[in-house]
Amino acid sequence: MTMIPYGRQDVSEADIQAVVDVLRSDFLTQGPAVPAFESAVAAHCGVQHAVAVNSATSALHLACLALGVGPGFRVWTSPITFVASANCALYCGAQIDFVDIDPRTYNLSVACLEAKLAQAEKAGCLPHVVIPVHLCGQSCEMARIHELGRQYGFKIIEDASHAIGGTYRSEPIGSCRYSDITVFSFHPVKIITTGEGGMAVTNDSQLAKQMQLLRSHGITRDTGEMTRESDGPWYYQQITLGFNYRMTDLQAALGLSQMKRLNEFIAQRHAIFRRYDEWLSRMPVVLPWQHPDSYSGLHLYVIRLKRNEIRTTHRAVFESMRAAGIGVNLHYIPVYRQPYYEGLGFNAGHCPEAERYYAEAISLPMYPGLTEAEQDRVLNVLDKTLQE
Ligand SMILES: *Cc1c(COP(=O)(O)O)cnc(C)c1O
């Protein structure tokens with residue numbers, strides 16, 4: 001019996017051909033495929049600038065650096081996210097804190113953010129940057145978060161690792177209407193893939209320039225940016241301390257080819273979503289609630305167990321389903337419950353809603369290419385498991 005994973009890539013013959021074409025070309029990296037992929041994503045998002053990098057983790061790091069995050073800065077994010085959304089602040093020597101989640105969307109709660117900001121203002125420790133995470137592909141309430149950013153003076157990085165292809169108030173996620181920078185991930189379980197890869201998009205040309213510089217060692221070949229006259233045609237200058245966070249042309253070609261299939265991927269995810277909703281509405285689980293402002297990319301389908309309506313436990317459901325070949329998963333362990341974060345001083349109880357979520361949530365398999373027969377197997381196994 002093969003394991004049905006919770007997520008996986010969908011690679012077509014055209015995708016493969018696009019990568020093969022790069023392999024036969026002059027440039028495996030720093031060639032034309034990277035800017036072509038950047039243009040395609042920027043055009044899709046309706047945003048001015050796109051900077052491709054080797055992962056969303058790198059994009060988050062560069063986004064923080066471009067916004068000036070460093071020692072003495074405070075960054076806030078959601079506890080229900082992948083560790084990378086918080087680690088980026090620590091890479092810069094900044095302090096991280098977590099805002100509890102909304103009980104319906106599981107995104108960073110705007111009510112909790114407002115309350116925490118009011119307290120922080122009194123205590124003189126307002127955040128410099130807030131990183132809302134669009135969990136499962138559903139946008140956070142960006143208009144309100146943006147207003148709060150204006151009021152309290154913080155910058156905003158959207159972690160849209162789950163969310164390319166979705167919309168918020170009828171505009172593509174990544175438009176950056178309500179944020180300074182938006183970050184996407186192209187890991188194979190995400191909506192489109194480049195193997196490993198990520199991108200930061202922005203409407204601010206200075207931020208874009210800074211991220212371009214930092215992704216390639218802090219080196220410039222633009223004489224306008226140099227501190228003194230060129231020594232000759234070979235000349236370049238390192239004007240800041242950067243990294244090698246570049247995306248290869250092999251990755252970019254795959255990404256560009258996948259972008260052509262984005263709408264089809266999202267439509268398939270919505271078809272799977274509707275079928276799950278229909279069948280699961282009869283089971284003792286909470287379905288993923290959709291905010292009316294949001295059209296989700298549906299990276300994940302997360303249910304919550306109604307623990308007072310079942311005899312089995314959350315853990316036993318995972319064990320039974322994994323044993324039956326269903327690769328259920330849990331997105332996510334509250335970040336501050338990780339030993340590394342506990343070492344920074346965080347304790348259980350910091351975000352009670354996030355901890356309740358963690359005790360009940362299950363991600364069911366969700367990816368284009370999941371067949372109806374496979375989906376039926378997931379539903380049958382879950383139904384049986386919940387009756388144990
Ligand atoms: C996957 C993911 C990341 C990291 O993406 P990589 O491309 O693997 O570095 C960051 N944030 C969230 C919310 C993610 O799901």
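Residues numbered from 1 in each chain as written. Predicted model: local features only at pLDDT ≥ 70, side-chain atom pairs only at ≥ 80, totals over all residues. Heavy atoms only, no water.

## Topic: the state of the cysteines
By the definition in use, this model includes zero disulfides. Distance from the sulfur of Cys64, which forms no disulfide, to the nearest cysteine sulfur (Cys88) is 3.7 Å. Given a relative accessible area of 0%, Cys64 falls into the buried group. Its sulfur unpaired, Cys92 is 4.8 Å from the next cysteine sulfur, which belongs to Cys64. (Disulfide = S-S within 2.5 Å. Buried < 20%, exposed > 50% of the residue type's maximum accessible area, 1.4 Å probe, protein only.)

## Concerning the site of the ligand
Around the ligand, 15 residues are found, and the nearest of them are Thr57, Asp159, His162, Ser185 and Lys190. Residue Ser161 places a side-chain N or O atom 3.3 Å away from a nitrogen atom belonging to the ligand. At a separation of 3.1 Å, an oxygen atom of the ligand approaches a polar side-chain atom of Tyr332. Expressed as a share of its isolated accessible area of 380 Å², the protein-covered part of the ligand is 93%. Secondary-structure elements contributing two or more residues to the shell around the ligand are helix H3 (56-66) and helix H4 (84-91). Residues of the shell around the ligand, tallied by class, amount to five nonpolar, eight polar and two charged. (Near = heavy atom within 4 Å. Polar contact = N/O pair within 3.5 Å; in protein donor to acceptor, adjacent residues only side chain to side chain. Areas by Shrake-Rupley, 256 points an atom, 1.4 Å probe, with all protein chains shown as cover. Helix = DSSP H or I, 4+ residues; strand = E, 2+ residues; numbered from the N terminus. Nonpolar A, V, L, I, M, F, W, Y, C, P; charged D, E, K, R; others polar.)

## Examining the sheet that holds strand S6 (residues 167-168)
Whenever strands of a sheet pair, they do so through backbone hydrogen bonds, lying parallel or antiparallel. Pairing is antiparallel across the open sheet formed by three strands, whose spatial order is S7-S6-S13. The open sheet has two edge strands, strand S7 (171-172) and strand S13 (294-295), and neither has a second partner. Pairing between S6 and S13: two bridges, direction antiparallel. For Tyr168, the partnering residue across the bridge sits in S13 and is Ser294. (Pairing = 2+ DSSP bridges.)

## Concerning the environment of Leu62
Considering the arrangement of structural elements, one finds Leu62 in helix H3. The spacing of Leu62 and Val51 is 11 residues in sequence and 9.9 Å in space, taken between C-alpha atoms. In contact with Leu62, not counting residues within four places along its chain, are Val53, Met211, Leu214, Arg215, Phe243 and Tyr245. (Contact = heavy atoms within 4.5 Å.)

## Let's talk about the side chain of Lys190
Mapping Lys190 onto the fold places it in the loop between strand S8 (181-185) and strand S9 (198-202). It is Asp159 that comes nearest to the buried, bridge-free Lys190 among opposite-charge side chains, at 6.9 Å. Each residue touching Lys190, except ones within four places of it in the same chain, is listed here: Ser161, His162, Ser185, Arg269 and His299. (Lys, Arg positive; Asp, Glu negative; His and termini not counted. Salt bridge = Lys/Arg side-chain N within 4 Å of Asp/Glu carboxyl O.)

## Quick look at the nonpolar core
Ranked by internal contacts, the top residues of the largest apolar core, which has 76 residues, are Phe98, Ile157, Val183, Tyr276, Leu280, Leu364 and Leu382. Two domains each put at least three residues into this core: domain 1 (13-259) and domain 2 (262-387). Apart from residues lying up to four places away in sequence, Leu280 is in contact with Val285, Leu287, Tyr301, Ile303, Leu364, Leu379 and Leu382. Core analysis: the second largest hydrophobic core is formed by 29 residues, Ala42, Cys176, Ala253 and Leu262 among them. (Core = buried A, V, L, I, M, F, W, Y, C linked by side-chain atoms within 4.5 Å. Domains from an automatic or database assignment.)

## With respect to the pattern of salt bridges
Inspection of every chain in the model, using the stated rule, returns 17 salt bridges. Put simply, Glu171 and Arg177 hold a salt bridge, and the shortest N to O gap is 2.5 Å.

## Topic: the domain arrangement of the chain
Domain boundaries assigned for the chain yield domain 1 (13-259) and domain 2 (262-387). In this structure, domain 1 and domain 2 have C-alpha centres spaced 26 Å apart. Contact residues are listed per partner, giving 39 residues for domain 1 and 35 residues for domain 2. Around 3,200 Å² of area is buried between domain 1 and domain 2 when both sides are counted, 63% of it from carbon and sulfur atoms. Interface area lost by domain 1 to domain 2 is led by Tyr106, Cys136 and Ile191, which between them contribute 19%. For the pair domain 1 and domain 2, the interface holds one salt bridge. As a salt-bridge pair, Asp293 and Arg169 come within 3.2 Å of each other at their nearest N and O atoms. Where domain 1 meets domain 2, there are 19 residue pairs in polar contact (both at pLDDT 80 or more). Among the elements of the structure, H4, strand S3 (95-98), S6 and helix H8 (249-259) are those that each provide at least two residues to the side of domain 1 that touches domain 2. Partitioning the side of domain 1 that touches domain 2 into residue classes produces 20 nonpolar, 12 polar and seven charged. (Buried area = accessible area lost by both parts, 1.4 Å probe.)

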